[in-house]
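# Structural description and commentary
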Amino acid sequence: MKWFVFVLHSLLIAQLVLVGSVEMVCADDVAKPLSVTFNKDVRPILTTHCTACHGGVKQAADLSFVYADQMMHVVEPGNADDSYLIERVISDDEDDRMPPADHGRKLNDNEIEILQAWINAGAKWEEHWAYQQPQRHQAMVVDEDRWVLQPVDAFVLEKLETAGVRPAEDETPLRLLRRVCLDLTGLPPTMAMREAYLSGLNTNPERAYEEVVDTLLASPHFGERWASVWLDQVRYADSKGLGLDRRRSMWKYRDWVIDAFNQDMTYDQFTIKQMAGDLLPDASLDDQIATAVHRLTQCNDEGGTDDEEFRVAAVLDRVSTTWQAWQGTTFGCVQCHSHPYDPIRHEEFYQFVAYFNNSIDMDLASEEPLLEIPNDRKLHQKSGELQAQRDEAVERSWQSLQAVIEEIEWNVLPLSGVSSSTGTLARLEQDSCFGRQPGEACDQFVTSGTLARDTKLTLSTVLPEGMKSLSAVRLNILPFDVEKAYTDSEWGFVLSHVSAQLISARGEETTLTFREVIADEPDPIFNPQESLNPKTNRGFGAYTRIHYPRNAVFVLEDATKLSE
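Residues numbered from 1 in each chain as written. Predicted model: local features only at pLDDT ≥ 70, side-chain atom pairs only at ≥ 80, totals over all residues. Heavy atoms only, no water.

## Concerning the packing of helix α7 (residues 173-185) against helix α9 (residues 205-218)
Put simply, the rule is: Between N-to-C directions, angles cover 0 to 180 degrees, with each direction set by a line fitted to C-alpha atoms, over the stretch in contact for helices. Per the convention used, a helix needs a DSSP run of H or I reaching at least four residues, while a strand needs a run of E reaching at least two, with both numbered from the N terminus. Roughly parallel refers to an angle under 35 degrees, roughly antiparallel to one over 145, roughly perpendicular to one between 65 and 115, and oblique to any angle outside these ranges. For any helix crossing, the convention is left-handed if the near helix is rotated counterclockwise from the far helix by under a right angle, and right-handed if that rotation is clockwise. Contact criterion: two residues are considered in contact whenever any of their non-hydrogen atoms come within 4.5 Å of each other.
In the contact formed by α7 and α9, the axes pass within 10 Å of each other and the chain directions differ by 25°. In terms of orientation, α7 and α9 fall into the roughly parallel class. The chirality of how α7 crosses α9 is right-handed. Facing α7, whose interface residues are L176, L177, V180, C181, L184 and T185, α9 presents Y209, V212, V213, L216 and L217.

Written out as structure tokens, the structure reads:
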């Protein structure tokens, strides 16, 4: 077997050599183009001979033939003789000629003349055809007009005639029926559909086929068939994909896509609702469901994983998927380098990352934030309206509480003692103290390293003389580096239980009872009130505003009078 492969390989090489020799002999006989365009004539030469070294990934000598501004460094529009590009490709010096001998053959006369003609004509650059607005062309004139039923048929037939290929004859009725059923719904025709179609063929074959197509387009299976194509593109899955690969409840988004196809939703609305349905004025519940396309990223809630790492990974995935699904472009390559052939630069990938980098989801087992959706599709509108009313009420209530909190003149209490059951706490240096006014002592402490789950922190303070009562405690928690926290944060916390004791000068302890917790956001992922429940591990935490300084007010059941 090895000997056979070797002989076959040798035959192929011999054949390639033969073809190469024919090309060298016949190069002068190749018809010269009367007019030269960049995309049709020049770009293929550059792609074949140049972009491997002067493309998006590798840009030898800081030269790329993918971008117009860089290529014009070696081209003098209107003057091929003064163009460095032409000088290098026609050079007889093996050290100067492009492409180098060890990178491929030299350009033949026809290819050089194409480059010269393009430069002399002004070196007009054209974007890749994929980024040009399509233009409507006149229908081709073909010989067999009977075969042309749609305008596109003329273009197909013109190519067939050029290649000397005759179009196939019409398929048998039953096979045609089976094909159209499988194409539109993914299912074979039913016996009833088969009989109705055969019956209609006897009176009006064209009408019989149209009725089949209309029936298939109106079928709910049409949306199921074509939604599957879209769901593959946006990497839909019912599980998280990493770690234990736990189940994920995303089927409402799947149904939304099916409904969109069955309702023949326009492509602009199909796009807008998925890109920013939750940002639309008076966004409906279905509009919010559509944006779940951005929650289809892989999650890894395995112990030891870093939440911020996988949040960023999700953002990168959203950028690549959005471009691939909506633009048909493999954008993931640009995360590491400029695109080899498309005019997309490495820096542009991270411009899009900045656009998408506003998500609050982390690698939580619960996959918060979640949207409550009734199972019954008919209740979506009513449920959405009720949730909007609830959100408005929560926002108004929170704003009122915040206004009261800001009006209070809080006493800043210096900490007299701090301790931690794991890790260490250290007082910050004066220069590192956040928000410190000149002359003020720094009373901020920083944790060292990652604290273990269920770490117990104890903070002590001495109440100032003259303070007559205590009604609330305000706790401020800051990231270690406030400035970097906005762009490079890997910190987080949850206050799973908060308690307080008042100790008199005689050593008598009084347990303070908190009534409620007022967080610094109206609708956080974790319920802040759980900080008062010793039986849970939830409560006020860094989610969802993990990049910001955080504060919460713990309100006492009753104002506690302080002894003189």
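## Quick word on the nonpolar core
The line we're drawing: In this text, buried Ala, Val, Leu, Ile, Met, Phe, Trp, Tyr and Cys residues form a nonpolar core when linked through side-chain atoms within 4.5 Å. Any residue under 20% of the maximum accessible area for its type is buried, any over 50% is exposed, and the rest in between are partly exposed; the area is computed with a 1.4 Å probe on protein chains only.
The biggest cluster of nonpolar side chains holds 23 residues, and the ones touching the most others in it are V42, F65, M71, V75, L85 and W118. Contributing elements (two or more residues each) for this core: α2 (38-49), α4 (84-89) and α5 (109-120). The element contributing the most residues to this core is α5, with five residues. The residues contacting W118, other than those within four sequence positions of it, are V36, F38, V42, M71, M72, V75, A123 and K124.

## A closer look at the side chain of T560
One can find T560 in strand β11 (residues 550-561). Beyond its immediate stretch of four places on either side in the chain, T560 contacts K468, S469, L470, L502 and L512.

## Focus: a negative patch on the surface
Short version of the rule: Patch membership requires more than 30% relative accessible area and the absence of a salt bridge. Residues of like charge join within 9 Å; the nonpolar side chains Val, Leu, Ile, Met, Phe, Trp and Tyr join within 5 Å. The protein chains shown are the only cover counted for residues, whose accessible areas, like all others here, come from Shrake-Rupley with a 1.4 Å probe. When a carboxyl oxygen of Asp or Glu is within 4 Å of a side-chain nitrogen of Lys or Arg, the pair counts as a salt bridge. The convention is simple: Lys and Arg are positive, Asp and Glu are negative, and His and the chain ends are not counted. Each charge is placed at NZ for Lys, CZ for Arg, CG for Asp and CD for Glu.
A contiguous patch of negative charge on the surface is contributed by E87, D92, D93, D95 and D96. When you line up the elements, D93 lands in the loop between α4 and α5. Judged by its relative accessible area of 38%, D93 is partly exposed.

## Quick word on the pairing of β11
Successive side chains on a regular strand alternate, one facing one side of the sheet and the next facing the other. The condition is simple: Here, a strand pair is defined by DSSP locating no fewer than two bridges between the strands.
As defined by bridge partners, strand β5 (residues 469-477) adjoins β11 across eight bridges and the pair is classed as antiparallel. Across the sheet, residue V473 finds its bridge partner in β11, namely F554. Here five bridges tie strand β9 (residues 514-519) to β11, and the two strands are oriented antiparallel to one another. Directly across from E516, in β11, lies its bridge partner V555.

## Quick notes on the packing of helix α10 (residues 220-233) against helix α11 (residues 251-262)
Put simply, the rule is: For this classification, the nonpolar set comprises Ala, Val, Leu, Ile, Met, Phe, Trp, Tyr, Cys and Pro, the charged set comprises Asp, Glu, Lys and Arg, and every other residue, Gly included, is treated as polar.
In the contact formed by α10 and α11, the axes pass within 8 Å of each other and the chain directions differ by 120°. Considering the angle they form, α10 stands oblique to α11. Where α10 crosses over α11, the handedness of that crossing is right-handed. On α11, the residues that touch P220, F222, G223, E224, W226, A227, W230 and L231 of α10 are Y253, R254, V257, I258, F261 and N262. Each residue belonging to the contact of α10 with α11 can be placed in one class, and the counts come to ten nonpolar, two polar and two charged.

## Digging into the sheet that holds β11
Strand order in this open sheet of three strands is β5-β11-β9, and the pairing throughout is antiparallel. Of all strands in the sheet, those with a lone pairing partner are β5 and β9, marking the two edges. With strand direction ignored, the average angle separating the axes of adjacent strands in the sheet is 20°. Seen against the sheet, helix α16 (residues 380-407) touches β5, β9 and β11 and runs at an angle of roughly 100° to β9.

## Things to note about unusual backbone geometry
For the peptide bond that leads from M98 to P99, omega is -5°, which places it in the cis range. One can find P99 in the loop between α4 and α5. Of note in this structure, A61 is not a glycine but carries a positive phi near 60°. Structurally, A61 is set in the loop between α2 and α3 (68-71). Within the chain, D62 stands out as a residue other than glycine whose phi angle is a positive 55°. Here D62 is to be found in the loop between α2 and α3.

## Here's the deal with the environment of P528
Topologically, P528 is positioned in the loop between β9 and β10 (540-541). The class for P528 is buried, based on a relative accessible area of 8%. Taking the C-alpha atoms as reference points, P528 and F554, separated by 26 residues in sequence, lie 9.8 Å from one another. In contact with P528, not counting residues within four places along its chain, are V517, A519, G539 and F540.

## A short note on the state of the cysteines
Selection rule: The definition used for a disulfide is geometric: two cysteine sulfur atoms within 2.5 Å.
A complete count under the given rule lists zero disulfides for this structure. C53 takes part in no disulfide bond, and the closest cysteine sulfur, belonging to C50, lies 9.0 Å away. What makes C53 buried here is its relative accessible area of 16%.

## Some points on helix α12 (residues 267-276)
The set of residues buried in α12 consists of F270, T271, K273 and Q274. In the core, the buried residues of α12 are packed alongside α10, α11, α13 (285-290) and α14 (307-327).

## A short note on the confidence of the model for the protein
Convention followed: The score called pLDDT rates the predictor's confidence residue by residue, from a low of 0 to a high of 100.
Taken over all residues, the pLDDT of the protein has a mean of 83, while the share at 70 or more is 87%. Under a pLDDT of 50 for its full length, residues 1-31 has, in the predicted model, six contacts with residues more than four places off or in other chains.

## What about the packing of aromatic side chains?
Rules: In this scheme Phe, Tyr and Trp rings, the latter by its six-membered ring, pair at centre separations within 6.5 Å, and the angle between planes marks the pair as stacked below 30 degrees, edge-to-face above 60, and tilted otherwise. A ring is scored as having a charge over it whenever the NZ atom of a lysine or the CZ atom of an arginine sits within 6 Å of its centre and within 35 degrees of its normal.
The final tally for this structure, using the stated rule, is 16 aromatic pairs. Pairing W230 with F270 gives two aromatic rings, centres 5.1 Å apart and planes at 65°, and the pair type is edge-to-face. One end of the pair, W230, is in helix α10; the other, F270, is in helix α12, and 40 residues separate them in sequence. Aromatic rings pair up to connect W230, Y253, W256, F261, Y267, F270 and W326 into one cluster. Directly above the ring of W226 sits R225, whose terminal nitrogen or CZ lies 4.3 Å from the centroid.

## A look at the pattern of salt bridges
All chains considered together, the criterion is met by 18 salt bridges. The closest approach of N and O atoms between R377 and D259, which form a salt bridge, is 3.5 Å. Of the two residues, R377 is situated in the loop between α15 (346-356) and α16 and D259 in helix α11; the sequence distance between them amounts to 118 residues. Residues R550 and D520 are paired through a salt bridge, measuring 2.5 Å at the closest nitrogen-oxygen approach. In this pair, R550 sits in strand β11 while D520 sits in the loop between β9 and β10, placing the two residues 30 residues apart along the sequence. Residue classification places R550 among the buried residues on the basis of a relative accessible area of 1%. A relative accessible area of 9% means that D520 is categorised as buried. Sharing partners across several salt bridges, the network here consists of R207, E210 and E211.

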